[in-house]
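Survey of secondary and tertiary structure
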Amino acid sequence: MMDKEYIYTVVKEDFRTGERAKRTRKYCTFKPLAVGGLYTHLGKGYPGCQRVLSVEERLVPAYD
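Thresholds, definitions, all that
Residues numbered from 1 in each chain as written. Predicted model: local features only at pLDDT ≥ 70, side-chain atom pairs only at ≥ 80, totals over all residues. Heavy atoms only, no water. Helix = DSSP H or I, 4+ residues; strand = E, 2+ residues; numbered from the N terminus. Buried < 20%, exposed > 50% of the residue type's maximum accessible area, 1.4 Å probe, protein only. Pairing = 2+ DSSP bridges. Axes fitted to C-alpha atoms, helices over the stretch in contact; angles between N-to-C directions.

So, the overall build of the protein chain
- Along the backbone of the protein chain there are zero helices and four strands.
- Reading the helices (α) and strands (β) of the protein chain from amino to carboxyl end gives β-β-β-β.
- Viewed in the frame of its principal axes, the protein chain has a C-alpha envelope of about 45 × 20 × 20 Å.
- Counting over 64 residues, the protein chain shows a buried share of 28%.

This is the structure:
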């Protein structure tokens, strides 16, 4: 059995001004997010608002 892992490219964004940071980061999860969506508090290491720029999908073995 395989699970689908999503690898997102995100960038920090100020939701009041729309100003974005210069560097992007990778965020891996098993939950689908909308490309172009603005999310807050994705997890440890991703404070504030993060804009999703792109996504890759990868199949990984499921551990039960």
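Focus: the sheet that holds strand β1 (residues 2–13)
- An order of β2-β1-β4-β3 is seen for the four strands of this open sheet, with the pairing classed as antiparallel. Strands at the two margins of the open sheet, each flanked by one partner only, are β2 (20–29) and β3 (38–40). The average angle at which neighbouring strand axes cross in this sheet is 40°, direction not considered.
- Strand direction decides the pairing type here: β3 and strand β4 (residues 49–61), joined by three bridges, are antiparallel. By the bridge assignment for β4, threonine 40 is matched with cysteine 49.

Focus on the side chain of threonine 29
- Examined against the element boundaries, threonine 29 turns out to sit in strand β2.
- Under the relative-accessibility criterion, threonine 29 is labelled buried at 14%.

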